[in-house]
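Architecture at a glance
Okay, here's what each chain looks like letter by letter:
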Amino acid sequence: MGMTISGAVAVLAEGEAGGSNFLIPNGTFFFILAIFLVVFGVIAQFVVKPVQKVLEERERLIAQTAKDNRQAAEQDAAADSAYTQELADARSEASSVRDQARSQGRSEVDGRRAEASAEVSDRLRQAGETLEAEGEALAPELNASVDSLANTLADRILRGGSSGERTGQ
Amino acid sequence: MSMIPAEAAIEVGHHTTATWLGMTVNTDTIYSTLVAGAVTLILAFILRAKVTSTGVPGGVQLFWEAITIQMRGQIQSSMGLSLAPFVLPLSVTLFVFILVANWISVLPVQYTNADGQTAEFLKPPASDINFVLALALFVFICYHAAGFKKRGVLGYPKKVAKGHVAFLAPINIVEEIAKPISLSLRLFGNIFAGVIMVGLIALLPTYIMWAPNAIWKTFDLFVGLIQAFIFSLLTILYFSQATESEEQHH
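Basis of the calculations
Within every chain, residues take consecutive numbers counted from 1 along the sequence as written. Each chain is given a letter, starting from A, and each ligand a number, starting from 1, according to the order in which they appear as written. Residues qualify for local features only when their pLDDT is at least 70, as the model is predicted, and side-chain atom pairs are given and counted only at 80 or more; totals for whole chains, interfaces and linings, by contrast, use all residues. Derived side-chain values reflect all non-hydrogen atoms in the structure, with water molecules and hydrogen atoms excluded from consideration. Helix numbers and strand numbers start at the N terminus; a helix is a DSSP run of H or I with at least 4 residues, a strand a run of E with at least 2. Any two residues whose heavy atoms approach within 4.5 Å are treated as being in contact. Accessible surface is estimated by sampling points in the Shrake-Rupley manner with a 1.4 Å probe; for residues, cover comes only from the protein chains shown. Basic side-chain nitrogens of Lys or Arg form a salt bridge, by our definition, when they fall within 4 Å of a carboxyl oxygen of Asp or Glu. Only protein chains enter the area calculation, which uses a 1.4 Å probe; residues under 20% of their type maximum are buried, those over 50% are exposed, and those in between are partly exposed. Here, nonpolar core means buried Ala, Val, Leu, Ile, Met, Phe, Trp, Tyr and Cys residues that are tied together by side-chain atoms lying within 4.5 Å of each other. Per residue, pLDDT captures the predictor's confidence, and it can take any value from 0 to 100. Buried area: the sum, over both parts, of the accessible surface (1.4 Å probe) that disappears when the two are put together. Angles here are taken between N-to-C directions and fall from 0 to 180 degrees, while the axes themselves are lines fitted to C-alpha atoms, restricted in helices to the stretch in contact. The cut-offs work like this: below 35 degrees is roughly parallel, past 145 is roughly antiparallel, 65 to 115 is roughly perpendicular, and the gaps in between are oblique. Throughout this entry, Asp, Glu, Lys and Arg are counted as charged residues, while Ala, Val, Leu, Ile, Met, Phe, Trp, Tyr, Cys and Pro are counted as nonpolar. The remaining residues, Gly among them, count as polar. Charged residues are defined narrowly, with Lys and Arg counted positive, Asp and Glu counted negative, and His plus the chain ends left uncounted. Nitrogen and oxygen atoms within 3.5 Å of one another constitute a polar contact, given that in protein one can donate a hydrogen and the other can accept it, and given that sequence-neighbouring residues count only through two side-chain atoms. A pair of strands is considered paired only if DSSP assigns at least 2 bridges between the two. Residues qualify for a patch when their relative accessible area is over 30% and they have no salt bridge, like charges being joined within 9 Å and the nonpolar side chains of Val, Leu, Ile, Met, Phe, Trp and Tyr within 5 Å.

Structural notes on the overall build of chain B
- The helix and strand tally for chain B stands at 7 helices and 4 strands.
- Going from the N terminus to the C terminus, chain B shows its helices and strands as β-β-α-α-α-β-β-α-α-α-α.
- At a minimum sequence separation of 6, the contacts of chain B that also span at least 24 residues come to 68%.
- Total accessible area computed for chain B in this model is approximately 12200 Å², and 71% of it derives from carbon and sulfur atoms.

Section: the pattern of salt bridges
Residues and elements named next belong to chain A.
- Taken as a whole and assessed by the stated rule, the structure comprises 9 salt bridges over all chains.
- Taking the shortest distance from any N to any O, the salt bridge between Glu-119 and Arg-123 comes out at 3.0 Å. Here Arg-123 and Glu-119 lie together in helix α2 (residues 28-159), a separation of 4 residues that amounts to about one turn.
- Here Glu-119 falls in the partly exposed class, since its relative accessible area comes to 42%.
- Here the salt bridges share partners, and the residues they tie into one network are Asp-122, Arg-125 and Glu-129.

Concerning the nonpolar core
- Core analysis: the largest hydrophobic core is formed by 65 residues, its most contacted members being Trp64(B), Val92(B) and Phe231(B).
- Put simply, the parts of the chain that give this core at least two residues each are α2 of chain A together with α1 (27-50), α2 (59-79), α3 (84-103), α4 (129-151), α6 (169-201) and α7 (206-243) of chain B.
- In this structure, Val92(B) is in contact with Ile43(A), Val48(A), Trp64(B), Ile67(B), Thr68(B) and Met71(B), ignoring residues within four places of it in sequence.
- Val198(B), Ile201(B), Ala202(B) and Met209(B) belong to the second largest nonpolar core, which has 5 residues in total.

Notes on the confidence of the model for chain B
- Confidence in the prediction for chain B averages 84 pLDDT; 89% of positions are at 70 or higher.
- Predicted complex metrics record ipTM = 0.86 and pTM = 0.72.

Observations regarding the interface of chain A and chain B
- Each partner contributes to the interface: chain A provides 38 residues, whereas chain B provides 57 residues.
- Of the roughly 4300 Å² buried between chain A and chain B on both sides combined, carbon and sulfur atoms contribute 79%.
- Together, Phe22(A), Phe31(A) and Phe36(A) form the three largest contributors to the area buried by chain A at its contact with chain B, with a combined 15%.
- If you look at where chain A meets chain B, you find 2 salt bridges.
- The salt bridge involving Arg72(B) is made with Glu59(A); its shortest N-O contact spans 3.8 Å.

Description of the packing of α1(B) against α2(B)
All names here are of chain B.
- Two elements in contact, α1 and α2, have axes whose closest approach is 9 Å; the angle formed by their N-to-C orientations is 110°. Comparing their axes, α2 and α1 come out roughly perpendicular. In this structure, α1 contributes Thr-40, Leu-43, Ala-44, Ile-46, Leu-47 and Lys-50 to the contact, and α2 contributes Val-60, Gln-61, Phe-63 and Trp-64.
- Of the residues in the contact of α1 with α2, the class split is 7 nonpolar, 2 polar and 1 charged.

Concerning the side chain of Asp128(B)
- With respect to the helices and strands, Asp128(B) occurs in the loop between β4 (118-120) and α4.
- Although buried, Asp128(B) forms no salt bridge, and the nearest oppositely charged side chain, Lys123(B), lies 7.9 Å from it.
- Polar contacts involving the side chain of Asp128(B) include one to the side chain of Thr29(B), which spans 2.5 Å.
- Within polar-contact distance, the side chain of Asp128(B) engages the backbone nitrogen of Asn130(B) at 2.8 Å.
- What Asp128(B) contacts, discounting residues up to four positions off in sequence, is Thr28(A), His15(B), Asn26(B), Thr29(B) and Phe188(B).

Regarding the environment of Asn190(B)
Residue and element names in this part refer to chain B.
- Mapping Asn-190 onto the fold places it in helix α6.
- Among the residues examined, Asn-190 registers a relative accessible area of 28% and is labelled partly exposed.
- In this structure, the C-alpha to C-alpha distance between Asn-190 and Gly-224, residues 34 residues apart in sequence, is 8.1 Å.

Topic: the pairing of strand β2 (residues 23-26) of chain B
Residues and elements named next belong to chain B.
- Note that strand β1 (residues 17-20) and β2 share 4 bridges and pair antiparallel. Across the sheet, residue Thr-17 finds its bridge partner in β2, namely Asn-26.
- The antiparallel pairing of β1 with β2 creates a hairpin that spans 2 residues between the two strands, and Leu-21 there sits at a positive phi of about 50°.

Examining a nonpolar patch on the surface
- Judged by side-chain polarity, Leu107(B), Val109(B), Tyr111(B) and Phe121(B) come together as a nonpolar surface patch covering roughly 400 Å² of accessible area.
- Checked against the element boundaries, Phe121(B) lands in the loop between β4 and α4.

Focus on the confidence of the model for chain A
All names here are of chain A.
- For chain A, per-residue confidence averages 83 on the pLDDT scale, and 83% of positions sit at 70 or higher.
- Within chain A, α2 carries the highest mean pLDDT (91), whereas helix α1 (residues 5-18) carries the lowest (43).
- Residue range residues 1-19 is modelled with pLDDT below 50. Its contacts to residues more than four positions away, or to other chains, number 27 contacts.

Description of the environment of Ala228(B)
All names here are of chain B.
- Within the secondary structure, Ala-228 is located in helix α7.
- According to the relative accessible area criterion, Ala-228 is buried, its value standing at 0%.
- A C-alpha to C-alpha distance of 8.2 Å links Ala-228 and Phe-97, two positions 131 residues apart in sequence.
- Leaving out residues up to four positions away in the same chain, Ala-228 has contacts with Phe-95, Ile-98, Leu-99 and Asn-102.

Right under this line is the structure:
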């Protein structure tokens with residue numbers, strides 16, 4: 001039944017008596033409740049459950065990704081420190097090799113130098129000895145000839161100084 | 001009625017009725033509810049068919065996810081997640097079902113019936129007291145059942161009456177009775193008022209009627225959203241009040 005605003009109050013009062021008041025629920029209640037329960041069941045089963053599963057799965061994926069990231073960062077840091085360690089080891093090894101080579105080279109140079117100087121002094125001594133020996137060998141001979149030479153010289157000086165130059169030639 | 005011109009007549013709470021299973025039923029409300037339920041179910045089955053956790057979620061899935069996350073947050077902040085397996089689907093269903101039911105009336109399908117009265121082709125079901133009572137009483141029974149389950153047959157009524165302070169027992173009992181009434185009539189009043197507004201606007205001359213009608217329908221969208229949200233939020237709050245622990249003081 002239709003009502004106007006002016007008639008509404010009267011109809012409301014009438015409805016309370018007659019049972020057609022639109023504020024009093026009727027059989028529609030049960031049909032609405034049934035429709036709602038069907039929708040409720042479908043949403044609980046086919047919407048909220050899968051959506052919650054999706055949300056959980058997504059959270060799991062996010063946690064997994066964060067964990068993977070952390071692991072990767074850890075591995076990266078480990079590789080980095082291993083690389084640094086390796087590099088430091090190689091550096092120290094290289095410097096020790098260099099030092100060793102340097103000291104070896106120096107000792108070799110020293111050895112050669114000592115050898116050479118020994119040889120030089122040896123040669124000098126030999127040469128000295130040779131000279132001395134030759135000197136000594138020549139000395140008596142020269143000493144012997146000194147007398148005759150002196151006599152000859154003295155003769156020439158005494159015989160004539162003018163012809164002495166020619167004699168000296 | 002004869003004092004008022006035919007075109008100025010406004011229907012208040014008129015329903016087309018029939019007798020089903022020996023009961024008087026408002027067929028217009030039931031048809032609108034069926035449409036709302038069908039839209040909700042279609043959205044549900046689209047999600048069911050396309051739901052994905054690793055791919056890119058579609059619009060329907062984002063819609064359901066947003067509501068589920070929002071409701072789960074509300075439940076978590078007010079009562080913890082112990083009752084969530086029941087309350088979460090209930091609040092999600094109430095929100096979407098009431099939202100769709102309210103937004104049905106945004107379709108500007110109005111006609112003038114034989115009596116010269118403006119009627120809407122699809123009335124919002126919440127403008128029928130049966131719709132709001134069915135939902136509110138279902139919620140009422142469910143949260144009291146949850147309370148009885150948590151506190152026992154004798155402990156729960158005692159807790160409800162006593163509340164936090166014993167001398168406020170009469171007020172607590174009145175409050176408990178008021179809960180389903182306010183829950184249902186708040187929704188009913190808002191949506192029913194929207195229907196009356198449409199009827200009033202229909203009294204304007206046709207050349208100007210479209211403007212307030214468009215403005216009102218837009219505002220009605222907002223009202224419908226807010227009312228759907230309030231209904232589901234209060235459902236969660238009533239559940240949390242019925243099942244709260246002794247040590248929780250608000």
